[in-house]
Amino acid sequence: MKKLFVKTYGCQMNAYDSAKMADLLAPLGYAATDAPDGADMMILNTCHIREKAAEKVYSELGRLRRLKREKSDMLIAVAGCVAQAEGAEIVARAPVVDMVVGPQSYHRLPEMIARAARRQGHALETDFPALEKFDALPAPGGGGVSRFLTVQEGCDKFCTFCVVPYTRGSELSRAPEAVLREARQLVDTGARELVLLGQNVNAYDGGGWSLAKLCDALAEIEGLERIRYTTSHPRDMADDLVAAHGGNPKLMPYLHLPVQSGSDAVLEAMNRQHKADDYRRLVDRIRAARPDIAMTSDFIVGFPGESDADFEATLRLVRDIGYATAFSFKYSKRPGTPASTMRKQVAEEVKTARLEALQKLLAAQQHGFDDGQIGKVLPVLFEKPGQQPGQVMGRTPYLQPVHVLGDAGLIGAVATVRIEKRTANSLHGVLA
Ligand code: SAH
Ligand code: SF4
Ligand code: F3S
């Protein structure tokens, strides 16, 4: 057996793609390992979303150059969104790289490996051959109670700060039959929860099937307990999907619905194509369908032109909505995006101060939400052994991690738990 080490950066879709690449290379005799030392093949599955994410790749490649000196036949591939965005430039900057493969072309890895092994120079695949890759991929390998399933890929929204439309191409949905087939395979190999993935997952359109309809069909699969989906765009939150949160019992009460900013001027400059009040009204409708739903979001602070008043509007929106948790980032200039050349870029110190203020508010909301579960009896899906011996770790419907004393036999099952306390980022309870 040859050893394959895959290092994953970025979003859940990259995690899904990494698993697919490992499945794809298994028939070639590659077994996945969790350390780079001694690996015969190394894949860096990269992220281009912010400058820091992209720079990490080059520092990792610097380290790999030394490893390759000791093991000269080791193959190094750069996959993912940096591969797509920078293509041949990667090899120019880091000649240690043998292969560069974009997120839509990794089904071609086996032939690229064959070419690289024959030392026919560097291989580069960054075409967008639409959904071809999904047909070329083998059935998923086993493992894991909660698993990702990509149903939609790409983005046509062109928010002015974002590289995703350039790295992942335009919005495409997989056929419902293909999704249902993969879902059944995942459930057959132990999945009890599926997280449907897409850069704009709620824009899913499988030949007339909406995401709500897809979730209804998935809910019919016996053995599947829970369905989640991410990431959604506020503009694609259709009425039937809002209604599904009240009507589909397997659809979990948790929704990641990024808003980015609470200021109409900033939302406009970002090309989000909705106003802050549209988002407030949408959340009201979602909560009317499912009152206990946990709302989460992404925020960007320091977008070009963001004033103190704009930032205050973001804090106001956060207070109005009340989030269970959220991610927040300083705006990062991305080459080739419209916002990167906007005048009135915000000073670094201002970004730092705003991020701190926002994160303080979001952390308080998260703790409030978690504390609100204390004393409740909730269904928990157990995923893996806990940190302490004799513990098992699972998740509430709201995605909060919970640790309880219990048998490893609980893994893969839903059991009711009385929540007793909260620590920094998780809940603790007893089987009820
Ligand atoms: N499709 C999703 C987001 C994908 S990127 C959506 O529309 O919301 C994940 C998050 O990274 C974004 O929600 C945004 O908050 C953040 N992000 C994207 N580009 C960024 C940039 N240039 N600087 C800082 N954060 C960024
Ligand atoms: Fe990026 Fe906007 Fe598309 Fe989300 S919707 S992936 S933020 S361009
Ligand atoms: Fe990063 Fe690409 Fe995902 S840029 S966030 S890995 S879609």
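Our subject in this report is the structure included herewith. (Residues numbered from 1 in each chain as written. Chains lettered and ligands numbered in written order. Predicted model: local features only at pLDDT ≥ 70, side-chain atom pairs only at ≥ 80, totals over all residues. Heavy atoms only, no water.)

## Digging into the packing of aromatic side chains
The geometry of two aromatic rings is summed up by the distance between their centres and the angle between their planes. Enumeration according to the criterion identifies five aromatic pairs in this entry. Here Phe-299 and Tyr-323 contribute two aromatic rings whose centre-to-centre distance is 5.6 Å and whose plane-to-plane angle is 85°, an arrangement assigned as edge-to-face. Highlighted residues: Phe-299 in strand 13 (residues 294–301) and Tyr-323 in the loop between helix 13 (308–321) and strand 14 (325–330), separated in sequence by 24 residues. Note on accessibility: Phe-299 and Tyr-323 belong to one class, buried. Aromatic side chains Phe-303 and Tyr-331 sit 5.5 Å apart centroid to centroid with 70° between the ring planes, which places their arrangement in the edge-to-face category. On the criterion of sequence distance, the pair formed by Phe-303 in the loop between strand 13 and helix 13 and Tyr-331 in the loop between strand 14 and helix 14 (348–371) is long-range, its members being 28 residues apart. (Phe/Tyr/Trp six-rings, centres within 6.5 Å; stacked < 30°, edge-to-face > 60°. Helix = DSSP H or I, 4+ residues; strand = E, 2+ residues; numbered from the N terminus. Buried < 20%, exposed > 50% of the residue type's maximum accessible area, 1.4 Å probe, protein only.)

## Some thoughts on the site of ligand 2
Every residue close to ligand 2 is listed here: Cys-155, Lys-157, Phe-158, Cys-159, Phe-161, Cys-162, Val-164, Pro-165, Asn-200, His-233 and Arg-272. Within the shell around ligand 2, the residues separate by chemical class into seven nonpolar, two polar and two charged. (Near = heavy atom within 4 Å. Nonpolar A, V, L, I, M, F, W, Y, C, P; charged D, E, K, R; others polar.)

## Section: the pairing of strand 4 (residues 75–79)
Burial within strand 4 is extensive, with five of its five residues counted as buried. Where strand 3 (residues 41–46) meets strand 4, five bridges bridge the pair, whose relative direction is parallel. In the sheet register, Asn-45 faces strand 4, and the bridge partner there is Ala-79. As a crossover connection, the stretch from strand 3 through helix 2 (residues 51–70) into strand 4 is right-handed. With three bridges connecting them, strand 4 and strand 5 (residues 99–101) associate as parallel partners. Residue pairing in the sheet places Ala-77 in a bridge with Met-99 of strand 5. (Pairing = 2+ DSSP bridges. Right-handed = clockwise from strand over helix to strand, strands pointing away.)

## A closer look at the pattern of salt bridges
This model, assessed by the stated rule, comprises 24 salt bridges. For the salt bridge of Glu-111 with Arg-115, the shortest nitrogen-to-oxygen distance reads 3.8 Å. Pair noted here: Glu-111 and Arg-115 are both in helix 5 (residues 109–117), with a separation of four residues, about one helical turn. In this structure, Glu-348 and Lys-330 form a salt bridge, with 3.0 Å as the shortest nitrogen-oxygen distance. Of this pair, Glu-348 sits in helix 14 while Lys-330 sits in strand 14, placing them 18 residues apart in sequence. Bridged by salt links that share partners, the residues Lys-7, Glu-60 and Arg-63 form one connected network. (Salt bridge = Lys/Arg side-chain N within 4 Å of Asp/Glu carboxyl O.)

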